[in-house]
Number of protein chains: 2
Amino acid sequence: MPQEPRARDAEATKARLLQAATDEFAAHGIAGARVDRIGAAAKANKALIYTYFGSKERLFDTVMDTHVARVLDQVPFTPEDLPGYAGRLFDFLLANPYQLRLASWHRLERSGTGHEPDGLRVSMRQKTDAIAAAQAGGQVAAAFTPEDLLAFTLALTNAWMPTSPVAATGQDARRHRAAVVEAVRRLVADGSPAPAADPASA
Amino acid sequence: MPQEPRARDAEATKARLLQAATDEFAAHGIAGARVDRIGAAAKANKALIYTYFGSKERLFDTVMDTHVARVLDQVPFTPEDLPGYAGRLFDFLLANPYQLRLASWHRLERSGTGHEPDGLRVSMRQKTDAIAAAQAGGQVAAAFTPEDLLAFTLALTNAWMPTSPVAATGQDARRHRAAVVEAVRRLVADGSPAPAADPASA
DNA sequence: CGTTGTCAAATAACCAGTTAGTTGATTATC
DNA sequence: GATAATCAACTAACTGGTTATTTGACAACG
């Protein structure tokens, strides 16, 4: 229940640390992140990082788990409408710019260490299974394997992002979104593709 | 003329340092790289890094310049045959696994600092211009802007790589290559796409 | 008063960059 | 062709500063 803010509130301090850690890790990665900066930005003592999270690396893992859960929760997956999924994912990534940077840092610094974010592997499996079912049901063309289709959809959605501390410039973003959706549509299109939808649609 | 190897050979030492730096930076990025390790791996004194390259960051820039030049040199761009280009780029990245990691580290750690690799911006511009010309000539469908087309082609080519200290397992790689080529084909296909080419072609 | 949240200070390891000096080859001089 | 001067290539040891992590004391709350 929402209590009025206590002077000493471990949960609130934890949350501030997590937010500060998100910014720091997104900007500098694990090796480049500074524990002191995280503590300062959270207006908390850096020793609390060790009481609450154990170590810098475990703090990073916690940040990853949190944000992976957020994407999975906020961007519903629709196997029979991959272009729509791509569009929604695009919107989410545009609104949460650190997501992609965090994921990149993870791939480079943490991958292969057996510290994959909670639920990522499971969610990937669910998605490919769902795509396979949609293909079996004829709703999605079977030109690609489910794994390829998922990988390509994600790759196309990210294509315009990495460029982008700046790329989020409203008008451009809308055009890019339409292009991404159309590109995914072409991947799942059956033999005879419908004429391209009007790219002016949001 | 080729002289027999001198005991003290600045060029050879420089080359060893550059090779060691490539491995170290690809594995750990700039912040995570250790100058001592680079020196040790190159069997050279670490002070030579500073006489020859100036600083850790300038060493990284030199590594990037070298490897960007290598891709641009070894993977010819064919605006009228983007699927073929994607296939060749795929092969190159498969044979040079650190390329993508170096590029990722650069995006994350060096981007926006005004230290873009030599010739990258120029080469991007040339490529988009060439695509625009091919579109004007009707050889490539105009459903996407040249920038979109290039970004998507690169994104699709990279899609299967990041997974990949392990992904390079011969049989899988061949299937993924075919899928990438087919995906790009669908992007540049005009209204009525030809039936997919036989994926067995190299 | 005891438990729990907080913090300033200490610690020990680490690391980029420097410096003062050595080694070895090349060149100028007799 | 021997000798000495010269310079580039290289090296070992050090420095000044940084960094993750720990500790021990203090304050708030029940």
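None of the values given here were measured: they were computed from a predicted structure.

Conventions and cut-offs
Residues numbered from 1 in each chain as written. Chains lettered and ligands numbered in written order. Predicted model: local features only at pLDDT ≥ 70, side-chain atom pairs only at ≥ 80, totals over all residues. Helix = DSSP H or I, 4+ residues; strand = E, 2+ residues; numbered from the N terminus. Contact = placed C-beta atoms within 7 Å. Nonpolar A, V, L, I, M, F, W, Y, C, P; charged D, E, K, R; others polar. pLDDT = per-residue confidence, 0-100. Near = placed C-beta within 6 Å. Expected span 1.5 Å × (residues − 1). Buried ≥ 20, exposed ≤ 12 C-beta atoms within 10 Å, placed from the backbone. Least-squares fit on C-alpha atoms with pLDDT ≥ 70 in both. Core = buried A, V, L, I, M, F, W, Y, C linked by C-beta atoms within 7 Å. Axes fitted to C-alpha atoms, helices over the stretch in contact; angles between N-to-C directions. Parallel < 35°, antiparallel > 145°, perpendicular 65-115°, else oblique. Left-handed = near helix turned anticlockwise from the far one by under 90°.

K.L.:
Provide a residue-level description of the overall build of chain A, including the pertinent values.
P.N.:
When helices and strands are counted, chain A shows nine helices and zero strands. What you see in chain A, going N to C, is helices and strands ordered as α-α-α-α-α-α-α-α-α. The contacts of chain A with a sequence gap of at least 6 include a subset with a gap of at least 24, amounting to 65%.

K.L.:
Talk me through the interface of chain B and chain A; I want residue IDs and the actual numbers.
P.N.:
Taken together, the contact pairs 30 residues of chain B with 30 residues of chain A. Of all the elements in the fold, those that place two or more residues in the side of chain B that touches chain A are helix 1 (10-32), helix 6 (98-110), helix 8 (146-158) and helix 9 (171-188) of chain B. No other element matches the six residues that helix 8 of chain B contributes to the side of chain B that touches chain A. When grouped by side-chain class, the residues that make up the side of chain B that touches chain A number 18 nonpolar, seven polar and five charged.

K.L.:
Outline the confidence of the model for chain A, listing residues and values.
P.N.:
Residue and element names in this part refer to chain A. Confidence along chain A averages 87 in pLDDT terms, with 86% of residues attaining 70 or more. For chain A, the element scoring lowest by mean pLDDT is helix 3 (residues 47-53), at 93; helix 5 (residues 82-95) scores highest, at 96. Across residues 1-6 the pLDDT falls below 50, and counting only partners more than four positions away or on other chains, this stretch makes one contact in the model. Under a pLDDT of 50 for its full length, residues 192-202 has, in the predicted model, 10 contacts with residues more than four places off or in other chains.

K.L.:
Go over the protein's contact with DNA strand C with me, naming the residues and quoting the values.
P.N.:
For DNA strand C, the set of nearby residues contains 20 residues, the closest of which are Asn45(A), Ala47(A), Val35(B), Ala47(B) and Lys56(B). Contributions of two or more residues to the surface near DNA strand C are made by helix 1 (10-32) and helix 3 of chain A together with helix 2 (35-41) and helix 3 (47-53) of chain B. Broken down by element, the surface near DNA strand C gets its largest block of residues, three residues, from helix 3 of chain A. The residue inventory of the surface near DNA strand C, partitioned by class, reads eight nonpolar, four polar and eight charged.

K.L.:
If you had to explain helix 8 of chain B to someone new, which residues and values would you point to?
P.N.:
Here helix 8 of chain B contains 13 residues, and its C-alpha end-to-end distance of 18 Å stays within 8% of the 18 Å for a straight helix at 1.5 Å per residue. Among the 13 residues in helix 8 of chain B, 10 count as buried, and that is most of the element. For helix 8 of chain B, the full list of buried residues reads Asp148(B), Leu149(B), Leu150(B), Ala151(B), Phe152(B), Thr153(B), Ala155(B), Leu156(B), Thr157(B) and Asn158(B). Where helix 8 of chain B is buried, its residues meet helix 8 (146-158) and helix 9 (171-188) of chain A together with helix 5 (82-95), helix 6, helix 7 (120-136) and helix 9 of chain B.

K.L.:
Help me get a handle on the relation of the copies chain B and chain A, residues and values and all.
P.N.:
The operation relating chain B to chain A is a screw motion whose rotation component is 180 degrees, with 0.0 Å of axial translation and a residual RMSD of 0.1 Å. When the rotation and shift are considered jointly, the pair of chain copies conforms to a two-fold rotation axis. Both copies present the same face, since 97% of the interface residues in chain B are matched by interface residues at the equivalent positions in chain A.

K.L.:
Account for the nonpolar core, naming residues and giving values.
P.N.:
Within the largest apolar cluster, 57 residues are counted, with the highest numbers of intra-cluster contacts made by Leu156(A) and Leu156(B). Listing elements by their share of this core, those giving two or more residues are helix 5, helix 7 (120-136), helix 8 and helix 9 of chain A together with helix 5, helix 7, helix 8 and helix 9 of chain B. By size, the runner-up hydrophobic cluster in this structure holds 38 residues, among which are Ala42(A), Leu59(A), Leu102(A) and Ile30(B).

K.L.:
Before we move on, could you go through unusual backbone geometry and cite the residues and values that matter?
P.N.:
Backbone geometry places Lys43(A), a non-glycine residue, at a positive phi of 50 degrees. Locating Lys43(A) in the fold gives a position in the loop between helix 2 (35-41) and helix 3.

K.L.:
Talk me through the packing of helix 1 of chain B against helix 4 (residues 56-74) of chain B; I want residue IDs and the actual numbers.
P.N.:
Residues and elements named next belong to chain B. In the contact formed by helix 1 and helix 4, the axes pass within 10 Å of each other and the chain directions differ by 105 degrees. Taken as axis vectors, helix 1 and helix 4 run roughly perpendicular relative to one another. Here Leu-18, Ala-21, Thr-22, Phe-25 and Ile-30 of helix 1 lie close against helix 4, whose contacting residues are Lys-56, Glu-57, Leu-59, Phe-60, Thr-62, Val-63 and Thr-66. The class makeup of the residues in the contact of helix 1 with helix 4 is seven nonpolar, three polar and two charged.

K.L.:
Can you break down helix 4 of chain B residue by residue, with the values?
P.N.:
Residues and elements named next belong to chain B. Compared with the 27 Å implied by 1.5 Å per residue over 19 residues, the 27 Å span of helix 4 between its first and last C-alpha is a close match. Restricting attention to buried positions, one finds in helix 4 the residues Leu-59, Phe-60, Asp-61, Thr-62, Val-63, Met-64, His-67 and Val-68. Tucked inside the fold, the buried residues of helix 4 contact helix 1, helix 3, helix 6 and helix 7.

K.L.:
How would you explain the environment of Leu102(A) if you had to name every residue and give the values?
P.N.:
Residue and element names in this part refer to chain A. Following the sequence through the fold, Leu-102 ends up in helix 6 (residues 98-110). Under the C-beta neighbour-count criterion, Leu-102 is labelled buried, with 22 such atoms within 10 Å. Along the backbone, Leu-102 and Val-63 are 39 residues apart, and their C-alpha atoms lie at a distance of 8.8 Å. Excluding residues that lie within four positions of it along the chain, Leu-102 makes contacts with Phe-25, Ala-26, Val-63, Met-64 and His-67.

K.L.:
So what about the environment of Gly170(B)? Which residues, and what values?
P.N.:
Looking at the element boundaries, Gly170(B) is found in the loop between helix 8 and helix 9. C-beta crowding within 10 Å serves as the criterion here: with 8 such atoms nearby, Gly170(B) is assigned to the exposed category.

K.L.:
Report on the packing of helix 8 of chain B against helix 9 of chain B, specifying residues and quantitative values.
P.N.:
Residues and elements named next belong to chain B. Their axes nearest at 9 Å, the elements helix 8 and helix 9 cross at an angle of 165 degrees. When the axes of helix 8 and helix 9 are compared, the pair comes out roughly antiparallel. Remark: the crossing between helix 8 and helix 9 carries right-handed chirality. Together, Leu-149, Phe-152, Thr-153, Leu-156 and Thr-157 of helix 8 and Val-180, Ala-183, Val-184, Leu-187 and Val-188 of helix 9 make up the contact between the two elements. Of the residues in the contact of helix 8 with helix 9, the class split is eight nonpolar, two polar and no charged.

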